[in-house]
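One letter stands for each residue in the lines below.
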2 protein chains.
Amino acid sequence: MEKYKRMLVEKGIKPTFQRIKILEYLEKHHNHPTVDMIYSALYKKVPTLSKTTVYNTLGVLSKHGLVSVLSTLDSEAHYEYNFNSHHHFICKVCHRIIDIDVPCTFRQYVEELGHKVEEVHGNFVGICKDCMEKQYE
Amino acid sequence: MEKYKRMLVEKGIKPTFQRIKILEYLEKHHNHPTVDMIYSALYKKVPTLSKTTVYNTLGVLSKHGLVSVLSTLDSEAHYEYNFNSHHHFICKVCHRIIDIDVPCTFRQYVEELGHKVEEVHGNFVGICKDCMEKQYE
DNA sequence: CTATTAATTTATAATCAATATAAATTAAAT
DNA sequence: ATTTAATTTATATTGATTATAAATTAATAG
C-alpha cells in the first residue's frame, strides 16, 4: 500500500484507496487487463468500487505515465503498468497478449524526420505458440 | 474500375459496384480513412450507399488481405490499402496518421519464439513535424 | 478536533461506433 | 426468363465509454 501511495503522491495524484488498489493491481498483474477485468478483480476487496472510477483512475494514471493503454484491435481497451518499454504479441485464437521484450530500433529515425515520439506501440498479431501446438494435438 | 474488379474476382469476391468503389477509394487515398470518411466521400457518387455496406465491405476486404485495419487508440477504426508493409506515426495534436517506411526487424525473432506472425503493427505516437513547428510560430 | 472547501467517487443517463436482423434488391446460373 | 443465392439497405440493438449530478471523502484552516 505504502509503495503505491508514494508513487501517486510523487506524481501529484491524490492517493485515494481506489487509486492505490488499481495501481497495485496493475503493477502485480501483467495480464494486460480491461476495465472490466480490473473491476471484477477488485470488486471483492473494494465492494463500493464503481466502474466509472476504474475508467477515471486509468485516465489519471495514464495521463501521468504510470500506465499505458495498448493499441489492440479489441473492442475493449487493455492497460498495463509501465515497467519498461516492450512490444506485444496478440493471439487471434486465445486472445492473450504476450509481452515481447525487444527494444524499438526506429525511434531515433522517426525523431530525425522531425516528429516528437512520445510512445511506441509494437504489435505482432497471429497465433501464439501454445495455440499452434494445440492445432496438431 | 476494371482493375479493381479484377482484384476482387482474383480473390473470389463478387465484384459489386459498391465494393469496387470502396476498394478504388482505398487504393487512391492514403489518408487512413474511417468508415465515416469513406462513406462521406463515396456518397456523392453512390447515393444509395449505406454505411452498413461500408462496414461489410471493409470486413470482406480485410479478411482477404486487400486492406488492413490500423491499431490506433482512436474510437473509430482506420483502414488502409495493403500496398506494402510499413509503420505509422500518429499525431496527438492534428490526429493525422503518417506512413513511416521502415521494415520490421523483429518478425523473425518472434517467429523463433514459436508464435506465428501474420501481421505487424508499428505505431509511433507523439507530435508530428508540422505541429511541432506550429508551436514555435 | 471540527467546519469548510475542493476533489473524488458513485449511480445514472446518454453517446456513438459497431453489429445483428430482416426485408428489398441485385447478380449468377440454369 | 426464372429461380436461387448473395448482397445491399434500413432499422433496431448492443456495448464500451463518456457526461452529468448527487453523495462521499480527503485536505486545510481555524
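Residues numbered from 1 in each chain as written. Chains lettered and ligands numbered in written order. Predicted model: local features only at pLDDT ≥ 70, side-chain atom pairs only at ≥ 80, totals over all residues. Heavy atoms only, no water.

### Points about the protein's contact with DNA strand C
Among the 16 residues in the neighbourhood of DNA strand C, the closest are listed as T16, Q18, T48 and T53 of chain A together with Y55 of chain B. A distance of 3.5 Å separates a phosphate oxygen of DNA strand C from a polar atom in the backbone of L49 of chain A. At 3.5 Å from a base oxygen of DNA strand C is found a side-chain nitrogen or oxygen belonging to T52 of chain A. At the level of secondary structure, the elements contributing two or more residues to the surface near DNA strand C comprise α2 (17-28) and α4 (51-63) of chain A together with α4 (51-63) of chain B. Here the residues of the surface near DNA strand C sort into 3 nonpolar, 9 polar and 4 charged. (Near = heavy atom within 4 Å. Polar contact = N/O pair within 3.5 Å; in protein donor to acceptor, adjacent residues only side chain to side chain. Helix = DSSP H or I, 4+ residues; strand = E, 2+ residues; numbered from the N terminus. Nonpolar A, V, L, I, M, F, W, Y, C, P; charged D, E, K, R; others polar.)

### A closer look at the environment of L58 of chain A
All names here are of chain A. One can find L58 in helix α4. Judged by its relative accessible area of 0%, L58 falls in the buried class. The sequence separation of L58 and D130 amounts to 72 residues, and the corresponding C-alpha distance is 31 Å. Residues within four places of L58 in sequence aside, it is in contact with I22, L26, V35, I38, V67 and Y79. (Buried < 20%, exposed > 50% of the residue type's maximum accessible area, 1.4 Å probe, protein only. Contact = heavy atoms within 4.5 Å.)

### Overview of the interface of chain B and chain A
Residue-level contacts link 34 residues of chain B with 35 residues of chain A. In total, chain B and chain A occlude about 2900 Å² of area from one another, counting both sides; carbon and sulfur atoms represent 66% of this. Connecting chain B to chain A are 4 salt bridges. With its nearest N and O atoms 3.3 Å apart, the salt bridge here joins E119 of chain B to K92 of chain A. The interface formed by chain B and chain A contains 14 residue pairs in polar contact (both at pLDDT 80 or more). The element that contributes the greatest number of residues to the side of chain B that touches chain A is strand β5 (residues 116-127) of chain B, accounting for 12 residues. Across the side of chain B that touches chain A, the residue classes tally to 20 nonpolar, 8 polar and 6 charged. (Buried area = accessible area lost by both parts, 1.4 Å probe. Salt bridge = Lys/Arg side-chain N within 4 Å of Asp/Glu carboxyl O.)

### Remarks on the protein's contact with DNA strand D
The local shell around DNA strand D holds 16 residues, among which Y55 and A77 of chain A together with T16, T48 and T53 of chain B are the closest. Side-chain polar atom of T16 of chain B to a phosphate oxygen of DNA strand D: 2.4 Å apart, as the coordinates give it. Take T48 of chain B: an N or O atom from its side chain is 2.5 Å from a phosphate oxygen of DNA strand D. Secondary structure elements with two or more residues in the surface near DNA strand D: α4 of chain A together with α2 (17-28) and α4 of chain B. Class assignment of the residues belonging to the surface near DNA strand D gives a composition of 3 nonpolar, 9 polar and 4 charged.

### Considerations on the domain arrangement of chain A
Residue and element names in this part refer to chain A. The assigned domain composition of chain A is domain 1 (2-80) and domain 2 (84-135). For domain 1 and domain 2, the distance between their C-alpha centroids amounts to 22 Å. Between domain 1 and domain 2, the contact holds 7 residues from the first and 7 residues from the second. Summed over both partners, the interface of domain 1 with domain 2 buries about 610 Å², with 55% contributed by carbon and sulfur atoms. Summed over the three residues of domain 1 that lose the most area to domain 2, namely H32, S71 and E80, the buried surface amounts to 59% of that side. At the surface where domain 1 touches domain 2, the tally comes to 6 residue pairs in polar contact (both at pLDDT 80 or more). (Domains from an automatic or database assignment.)

### So, the pairing of strand β3 (residues 87-91) of chain A
Residues and elements named next belong to chain A. Of all the 5 residues making up β3, 5 are buried; the element is thus mostly covered by neighbouring parts of the structure. Burial along β3 is two-sided: H87, F89 and C91 and H88 and I90, pointing in opposite directions, are all buried. Taken together, the 4 bridges between β3 and strand β4 (residues 97-100) define a ladder with antiparallel strand orientation. Bridged to H87 within β4 is I100. Linking β3 to β4, which pair antiparallel, is a turn of 5 residues; within it H95 sits at a positive phi near 65°. The pairing of β3 with strand β5 (residues 116-127) spans 4 bridges and is parallel. Across the sheet, the residue bridging to C91 is G126, located in β5. (Pairing = 2+ DSSP bridges.)

### What to know about the packing of helix α1 (residues 2-10) of chain A against α2 of chain A
Residues and elements named next belong to chain A. Following both chains from N to C, one finds α1 and α2 inclined at 105°, their axes separated by 9 Å at the closest point. Classified by the angle their axes make, α1 and α2 are roughly perpendicular. Between α1 and α2, the contacting residues are K3, Y4, K5, M7 and L8 on the first element and R19, I20, L23, E24, E27 and K28 on the second. Residues belonging to the contact of α1 with α2 are distributed by class as follows: 5 nonpolar, no polar and 6 charged. (Axes fitted to C-alpha atoms, helices over the stretch in contact; angles between N-to-C directions. Parallel < 35°, antiparallel > 145°, perpendicular 65-115°, else oblique.)

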